[in-house]
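# Descriptive structure summary
Below, each chain spelled out in residue letters.
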Amino acid sequence: MTGGLKDREADELRTSGLDGMLRAAIPCEDFLSPFIRKQGNIFKPNNKEMENDSLNGKTMEDVHTKEIDLVNRDPKRINDDVVRVDFEDVIAEPPGTYSFDGVWKASFTTFTVTKYWCYRLLTALVGLPLALVWGIFFAILSFLHIWAVVPCVKSFLILNHCLSRVFSICVHTFFDPLFEAMGKCCSSIRVSTTKEV
């Protein structure tokens with residue numbers, strides 16, 4: 001009897017208030033809110049299918065505020081084959097023609113430190129202006145691609161589609177009967193070959 005009383009009280013609570021008519025039509029466990037649908041809110045879907053359809057499970061990141069990896073500065077490996085130049089890649093002594101060990105060590109240290117600090121000084125002096133130039137260049141390139149190249153290609157494809165339909169109509173109208181008539185005229189021609197020994 002207690003269970004029936006609790007069910008009746010739950011039904012009364014479900015049918016009372018502002019959402020009374022809506023709650024009475026929908027069972028209590030299925031009712032979430034008038035503003036959140038069963039398959040999920042537009043902004044926070046709780047349905048996996050809807051979540052996959054909306055953003056494919058990926059969160060959109062702002063490219064201006066993303067963190068930069070200071071350890072791995074070439075994550076896509078675009079300079080692996082080009083700029084990796086170590087002392088062993090430039091200077092090597094074949095067997096039998098060795099210099100003094102002290103000279104070899106000093107040469108290694110001089111090469112490595114000079115390359116390291118010259119690169120750092122050049123990037124400090126020229127890196128920011130070149131970054132500005134390349135940023136402007138790729139911005140212009142992206143702008144031209146988005147606002148000029150793609151619309152031109154699209155309009156060209158649309159124009160080609162119209163022209164191809166006109167050409168197809170002309171071919172079917174004028175050339176199909178001509179070639180069909182020529183085929184009927186030439187269909188009675190027979191060719192025979194004989195071998196002479």
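Residues numbered from 1 in each chain as written. Predicted model: local features only at pLDDT ≥ 70, side-chain atom pairs only at ≥ 80, totals over all residues. Heavy atoms only, no water.

Tallying secondary structure elements over the protein chain gives five helices and zero strands in all. Starting at the N terminus and walking to the C terminus, you meet the elements of the protein chain as α-α-α-α-α. The 197 residues of the protein chain split such that 3% are buried. (Helix = DSSP H or I, 4+ residues; strand = E, 2+ residues; numbered from the N terminus. Buried < 20%, exposed > 50% of the residue type's maximum accessible area, 1.4 Å probe, protein only.)

What the rule picks out here adds up to one salt bridge. The partner of Glu180 in a salt bridge is Lys184, and the shortest N-O contact between them spans 4.0 Å. One end of the pair, Glu180, and the other, Lys184, are both in helix α5 (residues 101-186), four residues apart, so they sit about a helical turn from each other. The exposure class assigned to Lys184 is exposed, which follows from its relative accessible area of 60%. (Salt bridge = Lys/Arg side-chain N within 4 Å of Asp/Glu carboxyl O.)

Next up on the list: the confidence of the model for the protein chain. Taken over all residues, the pLDDT of the protein chain has a mean of 77, while the share at 70 or more is 67%. Put simply, helix α2 (residues 20-25) is where the protein chain has its lowest mean pLDDT, 47, and α5 is where it has its highest, 94. Counting contacts from residues 21-26, a segment whose pLDDT is below 50, to residues more than four positions away or on other chains yields eight contacts. (pLDDT = per-residue confidence, 0-100. Contact = heavy atoms within 4.5 Å.)

The phi angle at Arg77 is positive, at roughly 55°, despite the residue not being glycine. One can find Arg77 in the loop between α3 (48-55) and α4 (87-90).

The next thing to look at is α5. Between its first and last C-alpha atoms α5 spans 93 Å; for 86 residues at 1.5 Å apiece the expected length is 128 Å, and the helix comes up short by more than 12%. Taking the largest bend as the criterion, α5 deviates by roughly 50°, centred on Val126, and proline Pro129 comes between one and four positions later. (Expected span 1.5 Å × (residues − 1). Bend = angle between axes of the 7 residues up to and from the residue.)

The next point concerns the packing of aromatic side chains. Applying the stated criterion to the full structure yields eight aromatic pairs. Here Phe87 and Phe108 contribute two aromatic rings whose centre-to-centre distance is 5.4 Å and whose plane-to-plane angle is 85°, an arrangement assigned as edge-to-face. Of this pair, Phe87 sits in helix α4 while Phe108 sits in helix α5; the two residues are 21 residues apart in sequence, bridging distant segments of the chain. A relative accessible area of 3% places Phe87 in the buried class. With 5.3 Å between their ring centres and 85° between their planes, Tyr116 and Trp117 make a pair best called edge-to-face. (Phe/Tyr/Trp six-rings, centres within 6.5 Å; stacked < 30°, edge-to-face > 60°.)

On the surface, Leu122, Leu125, Val126, Leu130, Val133, Trp134, Phe137, Phe138 and Leu141 cluster together into a nonpolar patch covering about 900 Å² of accessible area. Tracing the backbone shows Trp134 in helix α5. The exposure class assigned to Trp134 is partly exposed, which follows from its relative accessible area of 48%. (Patch = residues over 30% accessible without salt bridge, like charges linked within 9 Å, V, L, I, M, F, W, Y side chains within 5 Å. Areas by Shrake-Rupley, 256 points an atom, 1.4 Å probe, with all protein chains shown as cover.)

You can call Phe108 partly exposed: its relative accessible area is 36%. C-alpha of Phe108 to C-alpha of Asp86: the two residues are 22 residues apart in sequence and 9.4 Å apart in space.

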